[in-house]
Amino acid sequence: MNGISRILARFRGWIQAVAFLLTNIHLPNFFKGQIYRGTGKTVCVPGLNCYSCPGAAGACPIGAFQAVMGSSKFRFSYYITGILILLGVLLGRFICGFLCPFGWFQELLHKIPTPKLSTRRLKPLRYLKYAVLLVMVVLLPALITNDLGMGNPFFCKYLCPQGVLEGAIPLALVNNGIRAALGKLFTWKLGILITVAVLSVLFYRPFCKWLCPLGAFYALFNRVSLLQMQVDKNKCVSCGKCARACKMDVDVTKHPNHTECIRCGMCVKACPTGAICYRYGFGTEKETKMENNQMTNGGLSE
Amino acid sequence: MKKWIGLLLALAMVFALAACSKEPKKPEEKQPELTIDEMQAKIDEQFDKLYGVLEEHEDLWNRLFEQSDDTVNETYDESIISTYLKTLLEKHKELLSDEEHKALTEDIEKILVIEKELYELEETYAKMLEESGVNQENPTPETFPAFQGKDLDGNEVDSAALFAGNKVTVVNFWFNGCSPCVDELDELNELNEQLKEKGGAVIGINTDTLDGNPAMIDEAKKILEQKGAAYQNIWFASDSEAGNFAGQILGFPTTYVVDSNGKIMGEPLMGGINYPGMLDLLNVQIYEALGENEVPYEDTAGSPQS
């Protein structure tokens, strides 16, 4: 199991690249300045990826959720919530670490060699993303409506930097109608995008840590997700390398299923004894620990 | 081989530039009806032929290309490639034996024939692109695509009669779930009332109602009624030319101004006319269509913003 975990962790960058390509498979649309509108758009992709990205193969879960919440016909977006719960249970924040295009974007920026700053002291900001999820994605689109009961996708409209990066910028480059329509909102969100980009160079994944409503949703599922981190207490020598390697400020030995853990596997790679691995499937942590104990004890007594 | 690619890229660019510029037209030659893609394929075929000729004596050409400084004569005509090759050949005669020189001269003759054909194809292709309006530099076609449709009450609508009957037609694309679209419906109705006096009209096209979807039509009618919008809303088949046109729209609402000849008066307006300054932009096109100097309608939404 540790072998597979190490391979996953080592090739994460490539998996992210492939995930980005699969999420935005309609590459020729970038040059045509068009959006794909086929049946793929009736489902949403796992990561934060704008519907209006010319290449996008599916809808954005957060965008789709708000669109339904803001519609006058529906009170709640059961379909999208269902998909999100399924993804949350199947993978949890593994999606952030491996599949999300905006996460990858921030990580690539973080590779720019500059002095890096720690986010350890900024832990309270983590809770901001739950507020973004609750207020901008759920409440405002449902409650602030016009005379016909139609709301606005507040997160997409006022906050989302991915929409500017993947939607507004590529479309405006090749489509003069869009270019002409760019206004104050675009300037505001471009400002957010630039801020996030600059912060990404200095901090590791600032948007994921502090603002992302999708990350907030998946975070709630880390504890019950089928994919979890597992620390073999018998192999662990308490050296603390894993906690120091973690750029999401998690101590995996204490909280293997912490809401902030994006399953990136940096701790797996850092562990000198191979004590940390991914675990997939049903069963509680305790049972596995006991099995491990028995196995190790059995091994020793032989 | 790098040189080859360099040369071919340079030539391809020359062709592309030439396709955009307005060259003096040659006497019209009737091409059989081909689609743009078929034309593109024919052009590619000619290019392949041309490469084929060059490949026959690839080593000899490479010897010459090594001497080339990559400058291509700037005036584009039907023999640009062969002229270039001929100049190169004469300039570096000493690198080749008489036999080799003769072989390449013959190749150049072959290339001249191919590129003349290529030139004509490119000309036609450029014209086709211009007519179809898919030129990427300017995706807005000149005329609004013709359509046969119905209004939401089931009356037949023919686009030619519709446009000809109005001095100016403001065509607003919207859909039921689009809140900025719905928000501007009352302003559009007000605009329609104002335009009536000038012999113009506002027409709505709700993309949800295309193909006459009855549930969507009911919903659209309800919304229009609630917003007090009484102007005509129409639908047509989504697989028609106008349907494709509607399917290409990236942002809603999008509003076109069309004159009585069906001509589109410039770039469409993206965004609601209830936003400050937007109606001013629309009015410029409206009075261009009317051929008037006076702004036909006061912008009550506010002053223009930068």
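Residues numbered from 1 in each chain as written. Chains lettered and ligands numbered in written order. Predicted model: local features only at pLDDT ≥ 70, side-chain atom pairs only at ≥ 80, totals over all residues.

## Focus: the overall build of chain B
Turning to step 1, where the next piece is worked out: Per the secondary structure count, chain B includes eleven helices and seven strands.
Turning to step 2, where the next piece is worked out: When burial is assessed residue by residue, chain B has 30% of its 306 residues classed as buried.
Turning to step 3, where the next piece is worked out: At a minimum sequence separation of 6, the contacts of chain B that also span at least 24 residues come to 75%. (Helix = DSSP H or I, 4+ residues; strand = E, 2+ residues; numbered from the N terminus. Buried ≥ 20, exposed ≤ 12 C-beta atoms within 10 Å, placed from the backbone. Contact = placed C-beta atoms within 7 Å.)

## Here's the deal with the overall build of chain A
Turning to step 1, where the next piece is worked out: Secondary structure assignment for chain A yields 17 helices and two strands.
Turning to step 2, where the next piece is worked out: Taking all contacts inside chain A whose residues are at least 6 apart in sequence as the whole, residues at least 24 apart take part in 72%.

## What to know about the packing of helix 7 (residues 101-110) of chain A against helix 12 (residues 184-202) of chain A
All names here are of chain A.
Turning to step 1, where the next piece is worked out: Put simply, helix 7 and helix 12 touch, their axes get as near as 7 Å, and they point 55° apart. The angle between helix 7 and helix 12 falls in the class oblique. Two packed elements cross with a definite hand, and for helix 7 against helix 12 that hand is right-handed. Residues Gln106, Leu109 and His110 of helix 7 form the contact with helix 12, whose own contacting residues are Ala197, Ser200 and Val201. (Axes fitted to C-alpha atoms, helices over the stretch in contact; angles between N-to-C directions. Parallel < 35°, antiparallel > 145°, perpendicular 65-115°, else oblique. Left-handed = near helix turned anticlockwise from the far one by under 90°.)

## Details of helix 4 (residues 61-70) of chain A
Turning to step 1, where the next piece is worked out: Across the ten residues that make up helix 4 of chain A, a large majority, ten, are buried.
Turning to step 2, where the next piece is worked out: Taken together, the buried positions of helix 4 of chain A are occupied by Pro61(A), Ile62(A), Gly63(A), Ala64(A), Phe65(A), Gln66(A), Ala67(A), Val68(A), Met69(A) and Gly70(A).
Turning to step 3, where the next piece is worked out: In the core, the buried residues of helix 4 of chain A are packed alongside helix 5 (78-90), helix 8 (128-143), helix 9 (154-158) and helix 14 (213-219) of chain A together with helix 7 (179-183) of chain B.

## What to know about unusual backbone geometry
Turning to step 1, where the next piece is worked out: A cis geometry characterises the amide bond from Phe252(B) onward to Pro253(B), with omega recorded as -5°.
Turning to step 2, where the next piece is worked out: Take Pro253(B): it is sitting in the loop between helix 10 (241-247) and strand 6 (254-259).
Turning to step 3, where the next piece is worked out: The phi torsion at Arg205(A) lies on the positive side, around 50°, for a residue other than glycine.
Turning to step 4, where the next piece is worked out: A tally of 28 C-beta atoms within 10 Å means that Arg205(A) is categorised as buried.
Turning to step 5, where the next piece is worked out: Phi angles above zero are rare outside glycine, and Arg263(A) is one such case at about 60°.
Turning to step 6, where the next piece is worked out: Here Arg263(A) shows up in the loop between helix 15 (241-245) and helix 16 (266-270).

## What to know about helix 7 of chain A
Residue and element names in this part refer to chain A.
Turning to step 1, where the next piece is worked out: The buried count for helix 7 comes to seven of ten residues, which makes it a mostly enclosed element.
Turning to step 2, where the next piece is worked out: Among the residues of helix 7, those classed as buried are Pro101, Phe102, Gly103, Trp104, Phe105, Gln106 and Glu107.
Turning to step 3, where the next piece is worked out: Contacts made by the buried residues of helix 7 are with helix 2 (12-23), helix 6 (94-99), helix 10 (161-174), helix 12 and helix 13 (206-210).

## Structural notes on the interface of chain A and chain B
Turning to step 1, where the next piece is worked out: In this assembly, 17 residues from chain A lie in contact with 15 residues from chain B.
Turning to step 2, where the next piece is worked out: In terms of residue count, the dominant contributor to the side of chain A that touches chain B is helix 11 (residues 176-181) of chain A (five residues).
Turning to step 3, where the next piece is worked out: For the side of chain A that touches chain B, the class distribution of residues is eight nonpolar, nine polar and no charged. (Nonpolar A, V, L, I, M, F, W, Y, C, P; charged D, E, K, R; others polar.)

## What about the environment of Ala181(A)?
Turning to step 1, where the next piece is worked out: Locating Ala181(A) in the fold gives a position in helix 11.
Turning to step 2, where the next piece is worked out: Ignoring anything within four residues of it in the chain, the contact list for Ala181(A) reads Gly251(B), Met270(B) and Gly271(B).

## Here's the deal with the sheet that holds strand 6 of chain B
Note on sheets: strands pair through backbone hydrogen bonds, and any given pair is parallel or antiparallel.
All names here are of chain B.
Turning to step 1, where the next piece is worked out: Read from one edge to the other, the open sheet built from seven strands follows the order 2-1-5-4-3-6-7, with strand pairing classed as mixed. On the outer flanks of this sheet lie strand 2 (156-158) and strand 7 (269-270), each paired with one strand and no other.
Turning to step 2, where the next piece is worked out: Pairing geometry for strand 3 (residues 168-174) and strand 6, over six bridges, is antiparallel. Each residue of the ladder has a partner; that of Thr169, found in strand 6, is Val258.
Turning to step 3, where the next piece is worked out: The strands that helix 8 (residues 185-198) touches are strand 3 and strand 4 (200-206); relative to strand 4, the one it contacts most, it runs at about 145°.
Turning to step 4, where the next piece is worked out: Here helix 11 (residues 278-290) sits on the sheet in contact with strand 3, strand 6 and strand 7, set at roughly 20° to strand 6. (Pairing = 2+ DSSP bridges.)

## Description of the nonpolar core
Turning to step 1, where the next piece is worked out: Counting residues in each nonpolar core, the largest one holds 127 residues, and the members touching the most others are Ile95(A), Ile276(A) and Val257(B).
Turning to step 2, where the next piece is worked out: Ranked by the residues each element gives to this core, the list is headed by helix 8 of chain A, at seven residues.
Turning to step 3, where the next piece is worked out: If you look at the next biggest cluster of nonpolar residues, it comprises ten residues, including Leu50(B), Trp61(B), Phe65(B) and Tyr84(B). (Core = buried A, V, L, I, M, F, W, Y, C linked by C-beta atoms within 7 Å.)

## What to know about the pairing of strand 1 (residues 148-151) of chain B
Residue and element names in this part refer to chain B.
Turning to step 1, where the next piece is worked out: One ladder, built from three bridges, connects strand 1 with strand 2; its direction is antiparallel. Counterpart to Gln148 in the pairing with strand 2 is Asp158.
Turning to step 2, where the next piece is worked out: Between the end of strand 1 and the start of strand 2, which pair antiparallel, lie four residues, with Gly154 showing a positive phi angle near 95°.

## Overview of the environment of Glu38(B)
Turning to step 1, where the next piece is worked out: Mapped onto the fold, Glu38(B) is located in helix 2 (residues 36-56).
Turning to step 2, where the next piece is worked out: Along the chain, Glu38(B) and Tyr125(B) lie 87 residues apart, while their C-alpha atoms are 9.9 Å from each other.

## As for the confidence of the model for chain B
Residue and element names in this part refer to chain B.
Turning to step 1, where the next piece is worked out: With 78% of its residues at a pLDDT of at least 70, chain B reaches an overall mean of 79.
Turning to step 2, where the next piece is worked out: A low-confidence stretch, residues 17-29 (pLDDT under 50), is modelled with eight contacts involving residues beyond four sequence positions or located in other chains.
Turning to step 3, where the next piece is worked out: Scoring of the predicted complex yields 0.69 for pTM and 0.74 for ipTM. (pLDDT = per-residue confidence, 0-100.)

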